[in-house]
Amino acid sequence: YARSIMTCPCCLHLISEPKGADTLLKSNEAYKLIFREYPDVVSVEQMCEMLGGISTKTGYRLLRQNQIKHFKIGRTYKIPKLHIFEYLAVVQESDA
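Cut-offs used in this document
Residues numbered from 1 in each chain as written. Predicted model: local features only at pLDDT ≥ 70, side-chain atom pairs only at ≥ 80, totals over all residues. Heavy atoms only, no water. Pairing = 2+ DSSP bridges. Helix = DSSP H or I, 4+ residues; strand = E, 2+ residues; numbered from the N terminus. Contact = heavy atoms within 4.5 Å. Axes fitted to C-alpha atoms, helices over the stretch in contact; angles between N-to-C directions. Salt bridge = Lys/Arg side-chain N within 4 Å of Asp/Glu carboxyl O. Buried < 20%, exposed > 50% of the residue type's maximum accessible area, 1.4 Å probe, protein only.

(A) Quick look at the sheet that holds strand S5 (residues 76-80). Spatial ordering of the open sheet is given by S3-S5-S4, a layout of three strands whose pairing is antiparallel. Two strands bound the open sheet, and with one partner strand each, they are strand S3 (41-42) and strand S4 (71-73). Note: S3 against S5, two bridges, orientation antiparallel. Residue Val42 lies in a different strand from S5, and its bridge partner there is Ile79. Sitting on the sheet, helix H4 (residues 81-95) is in contact with S3 and S5, with an inclination near 70 degrees to S5.

Shown next as structure tokens:
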């Protein structure tokens, strides 16, 4: 399927999104509904909670292996919530 390239507003990474009204609508709705209580950019601890309570050791490993896009401020990892959705979509596709 066709993809369009977008820039993440939080960290300016280039991201690709599937093209199509249904997919874009679903991802926009999910972004508004899921993890509402979390800020748009989360810490490692918050990311681990969002991923079902995984350990912070596993969370840091995912970040070091670049499985979840992130940026650093000093030594602190910051993860845009959008990139957690991308990671979950990839994991869901690989399980299917």
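On we go from here.
(B) Layout of the pattern of salt bridges. Using the criterion set out here, one finds one salt bridge in the structure. As a salt-bridge pair, Glu86 and Lys69 come within 3.6 Å of each other at their nearest N and O atoms. Taken together, the residues span a long stretch of sequence, with Glu86 in helix H4 and Lys69 in the loop between helix H3 (56-64) and S4 at a distance of 17 residues. A relative accessible area of 31% means that Lys69 is categorised as partly exposed.

Function cannot be inferred from these measures alone, as they are strictly geometric.
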